[in-house]
Amino acid sequence: MNMRGGKIISRGTVWCAALTLLLCSMLFLSAASNVMAADKEKGKMRVGITLHPYFSFASNIVGDRAIVVPLIDAGFNPHNYVPKPDDMKRIMTLDALIVNGIGHDEWAFEVVEASGMKGKLPLIFANDGVALIPVAGEEGDTKIVNPHTFIATTAAVQQVYTIARKLGEIDPENAAYYSKNARKYAMRLRRMKAKYMNDFSTLDVSNFRCATMHGAYGYLMQEFGLHVAAVIEPRHGVKPSPSQLAHTIDAIKNAHVSVLFAEKFFASKLADTIRKSTGVRMYSFSHITGGEYEADKFEREMEENLITLRDAIRSVTTQ
Amino acid sequence: MSVEQAGCRQHAYFTIIPPATGRGETRYVVSVLCLIVLFTGMLVQLRARSDVSMELESWQLSAFHHLKGTNQAVFSALYTASEDVVSIHHELGHWPSIEELQEFFLPPFARDISWKQWGEIQWNLVLPESSGADTAVYAGFDGINPDQGTFLMVFSHVHAPSGEMQEPTTRIWINKNAEIEMPVVFTPDSLVRKGWKQVLPYDGKMEVRRLKG
């Protein structure tokens, strides 16, 4: 117990006062840092994105000169996303929105329309300059556009250039900076691909035949000169009918397919059925459209895909 | 309504009343069904998306529709590389040699697994002397895959009076005749006369136009 000027102050009161002071200063510091952060973000362009790879592309292009904002929260599957009121609030704070635009983020256009931003918000169509290819394994004259341009390095580079150019048009002050960053990022992606290309150079892939559960990997396979003999699912997550499945199993057997690529984090009994019926080896690729939004996500998950591809080819060529 | 008007026949002691056939109702139902079918048909037509198609001249091919396998892959790589080649040209001040492009790991020039898979095409940089626009050509010959085409990526550009290069026009050409010789003149007219076809991409811009109008 302390005695001051005749008053008795208990030790508990002193501790209480000290704790309150500490809390107050923490709150003050936190508020100050928020204000500083808000000030720092003031005047910066806010660039919205719809898919995880575009977060990586945009973050590497804009550096610290703009803020990249995912239109939907992490953890939602963009394949079957249903827009929410929060998305509309968020879209109204944007200066531009980067979209796939060719079938992988149709919900984004609903959000733009519903929020009254149609015609007001500049849309950056990442695939404007990408030479599109049909979904692999399609037969006959009907060719369906493959919208998965973001699961390959060459098509990614083309999109990075388009995004950088369009952002430069919206924000001319930083155009040269965006363009320089885009070149640097593209070089990094090419270097990563080259590393695995070297690994493959000793392998004989002339007889490598593969099938994929999902039509997402056509661009990736094309840049490695690999042929996809069959795609199992008619659309993402849509199971084939029994007759379609029987037809696909026949196609796999006839084309001497040795490897089936499924999708990571997307367990499928169907893949097991096909494996048992045909004896193919199973490997899984990342679709790069799940989990947290991170600047290095595209590079990290593409590298995992390249390692998977290398292991799959090795397993067949060395067996 | 009188008895006669209702289709009933009046006899001396009794009246014959014909059974209700529902013919009128059937007609109404059929008419309504026809209208519904017509209306939904019109709606389907209005909302239907057109097929993936392109308007081409006789000397042009669509990479999406007319090229397959190796040829399609080489075209995609060339198309993406064209932007890099122009940027590298700006940086270096000259058209990059094939070796310089290989240092940038740039497909289809880099000699990696895809180069092997794509028929080991031999690439050469050709800088023809011409009046007017300057021309740089990346020519890919002698691919070993069956049905492999020969490629030309032609950059034509003019220099401003200050000497600065203006954005070049890039055209990619294919010739499926394996015996074709390297052209001397690379103008579109001359190449078309020699049987070369200009390859055009089906790009995202066209697909967005098809999907969204």
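Residues numbered from 1 in each chain as written. Chains lettered and ligands numbered in written order. Predicted model: local features only at pLDDT ≥ 70, side-chain atom pairs only at ≥ 80, totals over all residues.

**Description of the overall build of chain B**
What chain B contains, in helices and strands, is seven helices and eight strands. Across the 213 residues in chain B, those meeting the buried criterion constitute 31%. In chain B, the share of contacts with a sequence separation of at least 24, taken over all contacts with a separation of at least 6, comes to 49%. (Helix = DSSP H or I, 4+ residues; strand = E, 2+ residues; numbered from the N terminus. Buried ≥ 20, exposed ≤ 12 C-beta atoms within 10 Å, placed from the backbone. Contact = placed C-beta atoms within 7 Å.)

**Some remarks on the overall build of chain A**
A tally of regular secondary structure across chain A gives ten helices and ten strands. Once local pairs closer than 6 in sequence are excluded, the contacts in chain A between residues at least 24 apart make up 65%.

**Points about the domain arrangement of chain B**
How big an interface is tends to be stated in terms of the accessible area lost upon association of its parts. You can read the domains of chain B as domain 1 (9-47) and domain 2 (60-212). A separation of 67 Å is found between the C-alpha centroids of domain 1 of chain B and domain 2 of chain B. (Domains from an automatic or database assignment.)

**Focus: helix 2 (residues 52-62) of chain A**
Residue and element names in this part refer to chain A. With eleven of eleven residues buried, helix 2 is to be regarded as a mostly interior element. Those residues of helix 2 that sit buried are His-52, Pro-53, Tyr-54, Phe-55, Ser-56, Phe-57, Ala-58, Ser-59, Asn-60, Ile-61 and Val-62. Against strand 3 (45-49), strand 4 (66-70), strand 5 (96-99), helix 5 (153-170), helix 6 (175-200) and helix 10 (297-317) lie the buried residues of helix 2. In the stretch just after helix 2, Gly-63 is the one whose phi turns positive, near 55°.

**Observations concerning the sheet that holds strand 9 (residues 259-263) of chain A**
Residue and element names in this part refer to chain A. The strand order across the open sheet built from four strands is 8-7-9-10, with neighbouring strands paired in parallel fashion. Two strands in the sheet have a free side with no partner beyond their single neighbour: strand 8 (227-231) and strand 10 (281-285). Between one strand axis and the next, the sheet turns by 35° as a mean value, whatever way the strands run. In this sheet, strand 10 lies alongside strand 9 in parallel orientation, the contact comprising five bridges. Looking at the pairing, Glu-263 lines up with Phe-285 of strand 10. Along the sheet face, helix 8 (residues 242-254) touches strand 7 (209-212) and strand 8 and points at about 155° away from the line of strand 8. (Pairing = 2+ DSSP bridges. Axes fitted to C-alpha atoms, helices over the stretch in contact; angles between N-to-C directions.)

**What about the domain arrangement of chain A?**
Residue and element names in this part refer to chain A. Each assigned domain of chain A is listed here: domain 1 (2-41), domain 2 (45-194) and domain 3 (203-317). Relative placement of domain 2 and domain 3: their C-alpha centres are 24 Å apart. Across the boundary between the two partners, domain 2 contributes 30 residues, which contact 28 residues of domain 3. For the side of domain 2 that touches domain 3, the residue count by class is 17 nonpolar, twelve polar and one charged. (Nonpolar A, V, L, I, M, F, W, Y, C, P; charged D, E, K, R; others polar.)

**Remarks on unusual backbone geometry**
Where the residue is not glycine, phi is negative for most of them; where a peptide bond is considered, it is trans in most cases. Residues and elements named next belong to chain B. Note the cis peptide between Pro-107 and Pro-108, where omega equals 5°. The phi dihedral of Glu-120 falls on the positive side, at around 50°, and the residue is not glycine. In this structure, Glu-120 sits in the loop between helix 5 (113-117) and strand 4 (122-126). Of the residues examined, Glu-120 has 13 C-beta atoms within 10 Å and is grouped as partly exposed. At Asp-142, a residue that is not glycine, the phi angle is positive and equals roughly 60°. Along the chain, Asp-142 falls in the loop between strand 5 (134-141) and strand 6 (150-157). Take Asp-142: there are 12 C-beta atoms within 10 Å of it, and that puts it in the exposed class.

**Observations concerning the pairing of strand 7 (residues 169-175) of chain B**
Of the strand pairs in this sheet, strand 6 of chain B and strand 7 of chain B are connected by seven bridges, and their pairing is antiparallel. Residue pairing in the sheet places B:Met153 in a bridge with B:Ile172 of strand 7 of chain B.

**Overview of the sheet that holds strand 6 (residues 123-125) of chain A**
All names here are of chain A. Sheet architecture is open: four strands sit in the order 4-3-5-6, paired in parallel fashion. The open sheet has two edge strands, strand 4 and strand 6, and neither has a second partner. Neighbouring strand axes in the sheet, compared pairwise and without regard to direction, differ in orientation by 25° on average. Taken together, the three bridges between strand 3 and strand 5 define a ladder with parallel strand orientation. Across the sheet, residue Ile-49 finds its bridge partner in strand 5, namely Ile-98. Across the sheet, helix 2 lies against strand 3, strand 4 and strand 5, angled at about 175° from strand 4, the strand it touches most.

**Side note on the nonpolar core**
A general tendency of soluble globular proteins is for nonpolar side chains to be buried together. Among the nonpolar cores identified, the biggest contains 125 residues, and A:Ala58, A:Ile61, A:Ile98, A:Val160 and A:Ile163 are the most heavily contacted of them. For A:Val160, the residues in contact, after removing those within four places along its chain, are A:Phe57, A:Ile61, A:Ala182, A:Tyr185 and A:Ala186. (Core = buried A, V, L, I, M, F, W, Y, C linked by C-beta atoms within 7 Å.)

**Digging into the interface of chain B and chain A**
Counting from both sides, the interface comprises 30 residues of chain B and, opposite them, 31 residues of chain A. Sorting the residues of the side of chain B that touches chain A by element identifies helix 2 (63-66), helix 3 (69-92), helix 5 and helix 7 (204-212) of chain B as the ones contributing at least two each. The leading source of residues in the side of chain B that touches chain A is helix 3 of chain B, at ten residues. Looking at the side of chain B that touches chain A residue by residue, the class counts come to 16 nonpolar, nine polar and five charged.

**Quick look at the pairing of strand 7 of chain A**
All names here are of chain A. Taken together, the four bridges between strand 7 and strand 8 define a ladder with parallel strand orientation. Following the sheet pairing, Cys-210 is matched in strand 8 by Val-228. With helix 7 (residues 218-223) bridging strand 7 and the parallel strand 8, this β-α-β connection has right-handed handedness. (Right-handed = clockwise from strand over helix to strand, strands pointing away.)

**Re the environment of B:Pro188**
Residue and element names in this part refer to chain B. Structurally, Pro-188 is set in helix 6 (residues 188-193). Look at Pro-188 and you get partly exposed, because 15 C-beta atoms sit within 10 Å. For the pair formed by Pro-188 and Trp-59, sequence separation is 129 residues and the distance between their alpha carbons is 9.7 Å.

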